[in-house]
Amino acid sequence: MSANPPLPQGVGYAVVLGLGLFFALMMNVISWIQLKFSDFSPNAASEFSAASRSLKTGLVVAGIISSWTWSLTLLQSATQSYNMGVSGGWWYAVGGTLQIAVFSVIASKVKMNANRATTFPEVAYIRFGTAGHLAFLWCGLVCNAIVSACILLGGGTVVSTLTGMDAYAALFLIPVGVSIYVATGGLRATFISDATHTFFLIGILLCFSFTVFASSDIIGSPRKLAELLALAAESNPVEGNYQGSYLTFRSRPGAIFAVQSIITGFGLVTCDQGYWSRAIASNPSTTAKAYFLGGFAWFSIPFTCGTSLGLSARALGTFSDFPVLSAFDVSAGLAAVEAVTYLLGKAGAVLMLLLVFLSVTSALSAEMIATSTLLSYDVYRHYFRPKATSTELVTASRVFIVFWAIFSGALASVFHAVGISLGWLFYFLGVSTASGVFPIALTFLWKDLSTAGAVAGSIGGMAIALVVWLATAKGIGGEITVDTLSDQWVSFAGNAAAIISGGILSIGLSLWRPANFDWEKTRRMEVIGGDGNSDEDASGSSSVGEADEKEKTGADEPVEVEAGRNVDGLDLRALQHTYRVYGLIFIVLTLIITFIIPVPLGASPYIFSHKFFAGVVGIMFAWLFLATFLVVFLPIIESRHALIRITRHILGRQQ
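Residues numbered from 1 in each chain as written. Predicted model: local features only at pLDDT ≥ 70, side-chain atom pairs only at ≥ 80, totals over all residues. Heavy atoms only, no water.

Moving on, we come to the packing of helix α16 (residues 422-433) against helix α20 (residues 488-512). Running from amino to carboxyl end, α16 crosses α20 at an angle of 25 degrees, the nearest separation of the two axes being 7 Å. Between α16 and α20, the angle is such that the two are roughly parallel. Once α16 is placed against α20, the crossing between them reads as left-handed. Note on element contacts: α20 touches α16 through S491, G494, N495 and A498, opposite Y427, G430 and V431. Here the contact of α16 with α20 is built from residues that sort into 3 nonpolar, 4 polar and no charged. (Axes fitted to C-alpha atoms, helices over the stretch in contact; angles between N-to-C directions. Helix = DSSP H or I, 4+ residues; strand = E, 2+ residues; numbered from the N terminus. Parallel < 35°, antiparallel > 145°, perpendicular 65-115°, else oblique. Left-handed = near helix turned anticlockwise from the far one by under 90°. Contact = heavy atoms within 4.5 Å. Nonpolar A, V, L, I, M, F, W, Y, C, P; charged D, E, K, R; others polar.)

Written as structure tokens, this is what we have:
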């Protein structure tokens, strides 16, 4: 790592405090415009926590990309490519894309079977009672805690490295500006913030990529990068890669990481309330499409970071004046930071600082609103104030946002103090979250999931995973330490134990004694409306019509989807069709990016030629430009009429 920070300490404070407060002010202005000139008030519970379930595709896509593009995405994907070559960034991207894409399938079922829900533990309570509610709430809070700490650790390390700012100050000050705009504007404000941040984030990534592959005097082309990587393989070959090369998919560590990445991604997406919030907040007719497009576009982010920044860092290591990176520096995600600083000097350091800061604040805003929703709905309202009004829920959410800002900063500081890095937390994430994949997903997909299966799968699976993780560390490393727990095989054992045990327990116990749950119970959940009362009409339903129909059909009789019945204004037949369509699309995508492309490359003893590598770089750019369109232009196109109307109101040209 560089001995002296390339930027003065004042720049760090200026970005963390100044830019953070600027975005907070901007989001407050947007919230005021929304309150004054639109039909949505951020002071209503349904708007604050679920954006009135009305968001369009483009804004949801931007939110998905942004909330999944945290410091871990930018830094760890580059680290994997730095360590194991070109396959590292690919497998990191696959590990996240599959989970977001499969959520497009689950999102259809959320709209069909629990459209009135605000959090996934709420549905668990209706299906499984208090035991299931507490089990799922625990999984959600554990996930949000680790993710929040991970986001801050990555951001704090980069800020400290580039500016010399005290690491603990960064860990506590970064959440300040985020908590201000989230507490003021709620979920819709985070979506607008996501779109804004992601626009600049992708722009900076394009700048880095064009520098590496086109304009740099040091690298400047795919051919030059390939030549430098060949030199790097001679002096520092990758153990387990074909001929030690960085330009091959025939990689043992890459194959192990592929499984870990996929398991970790499933655990994160399933247990993170942030993704459920986006599924609930989106327009029912576009939910599945938004998630699929979001996942598909997101692939370009880690793929670009790994291919351009991670491989560049390894190639630049062949130059004598490139900083020597320790194992801890690499694990902390500093390979990409040093590469950009080396290629672009102080300008690169500033851009990397902005890139990581924008990703951190955007992702952290999603975690704050997600956690505050869990705490306000599933703790405050559920156990302490069941008759809480809309205003009281919004107030509680704002208090919990501030609490989470302090808590996440403290937790990240503890991890930093004991020497736990970003890479260590990445390997731990799957161990702590993957047990919830089957129980939580099946809560929305399978009527026969039982209480015993849901609780044993989520909590019992987590306990089994932790035991296997610790025992494997002891068996392989001889002792349980921070270093042995982050060993690749140890992490693999913990990850596999989590998802397998969670699946076996939840499915096995449910097959033994199936629940045969009636989805009508979740379809008719109570909604907190904008007036502060439980509002059956808040999600677009007709209470009288539903009451009459319920009286005719019977309260406990299941609804036949094929009947085409509408519930809360939703066409169940159309949603079932969407579920099947995106289920098929997901299978096709999975086959392509997980098997059809990488397996032949990994099975053959092949090192990328210069032309083949140039083709890979071309695909990377095309994918990144597609993400740019979906994040920047699609939200504007979809909301153009509302934007024009609000602009006219502000200019006084429309009454």
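Another point: a nonpolar patch on the surface. Nonpolar side chains collect at one region of the surface, where L584, I587, V588, L591, I592, F595, I596, I597 and V599 lie side by side and expose about 780 Å² of accessible area between them. Looking at the element boundaries, V588 is found in helix α23 (residues 572-596). (Patch = residues over 30% accessible without salt bridge, like charges linked within 9 Å, V, L, I, M, F, W, Y side chains within 5 Å. Areas by Shrake-Rupley, 256 points an atom, 1.4 Å probe, with all protein chains shown as cover. Salt bridge = Lys/Arg side-chain N within 4 Å of Asp/Glu carboxyl O.)

This part takes up the confidence of the model for the protein. Residues with a pLDDT of 70 or more make up 85% of the protein, whose mean pLDDT is 84. Contacts from residues 41-54, a stretch scored under 50 in pLDDT, to residues over four places away or in other chains number 74 contacts. pLDDT under 50 marks residues 530-564. Its contacts with residues more than four places away, or in other chains, come to 58 contacts. (pLDDT = per-residue confidence, 0-100.)

Let us look at unusual backbone geometry. A positive phi angle, near 55 degrees, is found at Q243, a position not held by glycine. Given a relative accessible area of 58%, Q243 falls into the exposed group. One non-glycine residue, N516, adopts positive backbone phi at about 50 degrees. When you line up the elements, N516 lands in the loop between α20 and α21 (520-523). (Buried < 20%, exposed > 50% of the residue type's maximum accessible area, 1.4 Å probe, protein only.)

Within the largest apolar cluster, 182 residues are counted, with the highest numbers of intra-cluster contacts made by W70, L225, I301, M352 and F613. Of all the elements, helix α6 (residues 120-163) adds the most residues to this core, at 20 residues. (Core = buried A, V, L, I, M, F, W, Y, C linked by side-chain atoms within 4.5 Å.)

For the rest of this paragraph, the subject is the environment of A349. One can find A349 in helix α14 (residues 334-384). In sequence terms A349 and L7 are 342 residues apart; their C-alpha atoms lie 7.3 Å from each other. Those residues in contact with A349 that sit more than four places away from it in its chain are P6, L7, L162 and T341.

This brings us to the environment of A441. Structurally, A441 can be placed in helix α17 (residues 437-445). Residue A441 is classed as buried on the basis of its relative accessible area, which comes to 10%. Along the chain, A441 and C271 lie 170 residues apart, while their C-alpha atoms are 9.2 Å from each other. Excluding residues within four positions of it along the chain, A441 makes contact with I106, T270 and G436.

Let us look at the environment of I464. Tracing the chain through its elements places I464 in helix α18 (residues 451-477). Counting along the chain gives 36 residues from I464 to I500, while the straight-line C-alpha distance between them is 10.0 Å. Each residue touching I464, except ones within four places of it in the same chain, is listed here: S501 and L505.

Turning next to the pattern of salt bridges. On inspection of all chains with the given rule, the structure shows 5 salt bridges. The salt bridge partner of E520 is R523, with a shortest N-O separation of 3.3 Å. Taken together, the residues span about one helical turn, with E520 and R523 both in helix α21 at a distance of 3 residues. Grouping residues by exposure puts E520 and R523 together as buried. Here R524 makes a salt bridge to E520, at a shortest N to O gap of 3.0 Å.

Under the counting rule described, the total for this entry stands at 36 aromatic pairs. Geometrically, the ring pair formed by W404 and F407 is tilted, given 4.9 Å between the ring centres and 35 degrees between the ring planes. Placement of both W404 and F407 in helix α15 (residues 390-417) is noted, with a separation of 3 residues, approximately one turn of the helix. On the accessibility criterion, W404 (4% relative accessible area) is buried. (Phe/Tyr/Trp six-rings, centres within 6.5 Å; stacked < 30°, edge-to-face > 60°.)

Because an α-helix packs 3.6 residues into every turn, residues spaced three or four apart end up facing the same way. Taking 1.5 Å of rise per residue, 12 residues should cover 16 Å, and helix α3 (residues 57-68) covers 16 Å from first to last C-alpha, within 8% of that figure. Among the 12 residues of α3, 12 are classified as buried, and the element is accordingly described as predominantly covered. (Expected span 1.5 Å × (residues − 1).)

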